[in-house]
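# Commentary on secondary and tertiary structure
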Amino acid sequence: MQLIKDFFKWTHNQRILYWVFLGMLILPNVIMLFTESTSSLTRITGVVLPFALYWLAYSMWKKPGKAFWWLFIFIFFAAFEIVLLYLFGESPIAVDMFLNVTTTNVTEVNELLMDLIPAVAFVFMVYLPGMVLAVISIRNKEVLADTFLKTQRRNSMALLFVGLLLLCINYMADSYFVFKNDIFPFNASYNLGLSIDRVVRTSRYSSTSEHFTYNAVSERNDSINEIYVLVIGETLRADNMHVYGYGRNTTPNISAMERDSSMVVYRDAITMSNTTHKSVPMIMSGIASEAFDSIYYRKGLITAFKEAGYKTAYYSNQRRNHSFIDFFGSEADKVVFLKDSVSMIGNVNDMELVDLLNKSLDEYAGGKLLVVLHCYGSHFNYYDRYPQTMAKYKPDMIPSAERKYRTQLINAYDNTVLQADEVVHQVVESLAKKQVNSAMIFTSDHGEDIFDDSRGRFLHASPQPTYYQLRVPLCVWCSPEYRENYSGKWQALFGNRDIPVSTNKVVFHTLLDVAGVKTPYLQPTDALSNPSFEESERMYLNDHNEFLPLERSGLKDLDFLEFVARNLKY
């Protein structure tokens, strides 16, 4: 009974609550002292400066519970940051983290939440009682004394001076240091503003892009029969593909096609973004050769093909999420989202995309056709991505996404790679049967971390990318008819196979060039099928939609050239 009385007394002590609430706010900053890869000076500044400002702000209220609610946005940031630290092991709340909330579908959320239970439970245990205590503080008749508050103001301002001094030293010591990027929660606040701006601009896309045209035409005679297919994989990293040197034979079909010289495998391909909602639109629009913000004013490659006289189809195993992927896909003459007809937690196998392709090919009576297939591929939960008849690697049941189950995770992931290999094989087989000029380009939006290093990173879309998230496959197959009729383009495709490329930059231009679609937006120097192709510096699209050289992207663990030299087998 006495214990209960003491606890009740504690919860009504405004001074104790004052410090408890400050502790809740600064908690993620303290955790980041041990998780971030920034300099020690930056990490210390990341604790001192925010705490001084929180401290000063709390000294303005006689009831700390009121300060708690007035500053609740920062409580939200703190809770969100702790969950992300658990998921990614480092880094602040990025713009993409906010945008993922608006573009991630329910299925992905359900699958991810099951593996965030420890972090979510911790956040609830810390911040839910805080909300209750804040209400108790407000209802309490007791208030903080003026002398106490004045002392806190004086002390917090002294600490603020120290924090600002540290901030200045950071700018002098580190040419890459940026306050709005490197200090939490100020980076989170800035990024929230950017994400709101992007959501608003995206909502206006239909009007801002309404009058866009590629002025595209076909340079080939209308009587020439042509079929082109773009296959966009999901979360498929090259490092688990046998054709890229992986020990397990996870790509028997692609490897065989490379051996018989009907498929070109680009040995050194990376994506420019580790997020689907950026990578896929870049693949489908060519904005990677310009500026990302041009996306709000232009349409996708499907429109270019339509202008050139192509019939078009877009088949997706993703869910609609009102992003540019939906916008660009919906430009097609025929649009099917397989998951429109299944429950929010239902799964659909990617082979159903091949079934849709086959229906289009059965209906094909000649002319020009473009089909885009957007897979669900190797997206977590891996075990659900393939039929058990294709489960070559066992055990593949995943109790939870933890390092101790990495063997099961890798087995299940490798099974998804086998599934992707079979999808590509079936697409090629279907095209080959038509015996016309045809080609297929296959790539993935990004890769994946699977507890590969000591930091324990898992999944993708982390604010700071890793090589496993960026290194992806890029393959081009051409039919015998195409290789004979357009031998120059085939020779260029084959000759450029060892050149380092950025998938998001080359796929758009290569597909147009392969198909003979002419438009002012086609850049021959970015088309792998063009003799004018030129190697260019590879860039990464950061959280603020800026194209930065790889060395400034925050890539972790290995020097990129060493990584390539060690992993690529020619």
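Residues numbered from 1 in each chain as written. Predicted model: local features only at pLDDT ≥ 70, side-chain atom pairs only at ≥ 80, totals over all residues. Heavy atoms only, no water.

Pairing is mixed across the open sheet formed by seven strands, whose spatial order is 3-11-8-2-7-5-6. Lying at the two open borders of the sheet, with one neighbouring strand each, are strand 3 (263-265) and strand 6 (334-337). Taken over all neighbouring pairs, the strand axes of this sheet differ in orientation by 10° on average, direction set aside. Where strand 8 (residues 437-444) meets strand 11 (residues 474-478), five bridges bridge the pair, whose relative direction is antiparallel. The residue bridging Met440 from the neighbouring strand is Trp477, located in strand 11. Along the sheet, helix 17 (residues 351-363) makes contact with strand 2 (226-233), strand 5 (311-316), strand 6 and strand 7 (368-374), crossing strand 5 at roughly 160°. (Pairing = 2+ DSSP bridges. Helix = DSSP H or I, 4+ residues; strand = E, 2+ residues; numbered from the N terminus. Axes fitted to C-alpha atoms, helices over the stretch in contact; angles between N-to-C directions. Contact = heavy atoms within 4.5 Å.)

To continue, consider the pairing of strand 2. Most of strand 2 sits inside the fold, with eight of its eight residues counted as buried. Covered by surrounding structure in strand 2 are Glu226, Tyr228, Leu230 and Ile232 together with Ile227, Val229, Val231 and Gly233, the residues of both alternating faces. For strand 2 and strand 7, the ladder comprises seven bridges, and the chain directions are parallel. Across the sheet, Ile232 pairs through a bridge with His374, a residue of strand 7. (Buried < 20%, exposed > 50% of the residue type's maximum accessible area, 1.4 Å probe, protein only.)

Let us now look at a nonpolar patch on the surface. A cluster of nonpolar residues, Phe161, Val162, Leu165, Ile169 and Met172, forms a patch on the protein surface that exposes about 520 Å² of accessible area. Within the secondary structure, Leu165 sits in helix 9 (residues 146-173). (Patch = residues over 30% accessible without salt bridge, like charges linked within 9 Å, V, L, I, M, F, W, Y side chains within 5 Å. Areas by Shrake-Rupley, 256 points an atom, 1.4 Å probe, with all protein chains shown as cover. Salt bridge = Lys/Arg side-chain N within 4 Å of Asp/Glu carboxyl O.)

Turning our attention to the packing of aromatic side chains. Applying the stated criterion across every chain yields a total of 37 aromatic pairs. Note on Tyr228 and Tyr482: the rings are 6.3 Å apart at their centroids and 90° apart in plane angle, and the pair reads as edge-to-face. One end of the pair, Tyr228, is in strand 2; the other, Tyr482, is in helix 20 (residues 480-485), with 254 residues separating them in the sequence. Relative accessible area serves as the criterion here: at 0%, Tyr228 is assigned to the buried category. The class for Tyr482 is buried, based on a relative accessible area of 0%. One residue, Lys339, lies across the ring of Tyr376, its end atom 3.4 Å from the ring centre. Lying over the aromatic face of Phe494, Arg497 brings its terminal NZ or CZ to 4.1 Å of the ring centre. (Phe/Tyr/Trp six-rings, centres within 6.5 Å; stacked < 30°, edge-to-face > 60°. Lys NZ or Arg CZ within 6 Å of the ring centre and 35° of its normal.)

What follows covers the nonpolar core. Of all hydrophobic cores here, the largest spans 97 residues; its most connected members are Ile254, Met263, Tyr382, Val427 and Met440. The contact partners of Met440, leaving out residues within four places of it in the chain, are Val229, Val231, Met263, Val424, Val427, Val428, Leu431, Cys475, Val476 and Trp477. (Core = buried A, V, L, I, M, F, W, Y, C linked by side-chain atoms within 4.5 Å.)

Here we take up the pattern of salt bridges. Under the criterion given, the structure shown has 16 salt bridges. Here Asp268 ties to Arg538 by a salt bridge, and the two come within 3.1 Å at their closest N and O atoms. Of the two residues, Asp268 is situated in the loop between strand 3 and strand 4 (269-270) and Arg538 in the loop between strand 13 (517-518) and strand 14 (539-541); the sequence distance between them amounts to 270 residues. Assessed through its relative accessible area of 9%, Arg538 is described here as buried. One salt bridge in this structure joins Arg320 and Asp340, with 2.8 Å as the shortest N-O distance. Pair noted here: Arg320 is in the loop between strand 5 and helix 16 (324-329) and Asp340 is in the loop between strand 6 and helix 17, with a separation of 20 residues, a long-range link. According to the relative accessible area criterion, Asp340 is partly exposed, its value standing at 47%. What you see here is one network of salt bridges that share partners, running through Asp197, Arg201 and Asp293.

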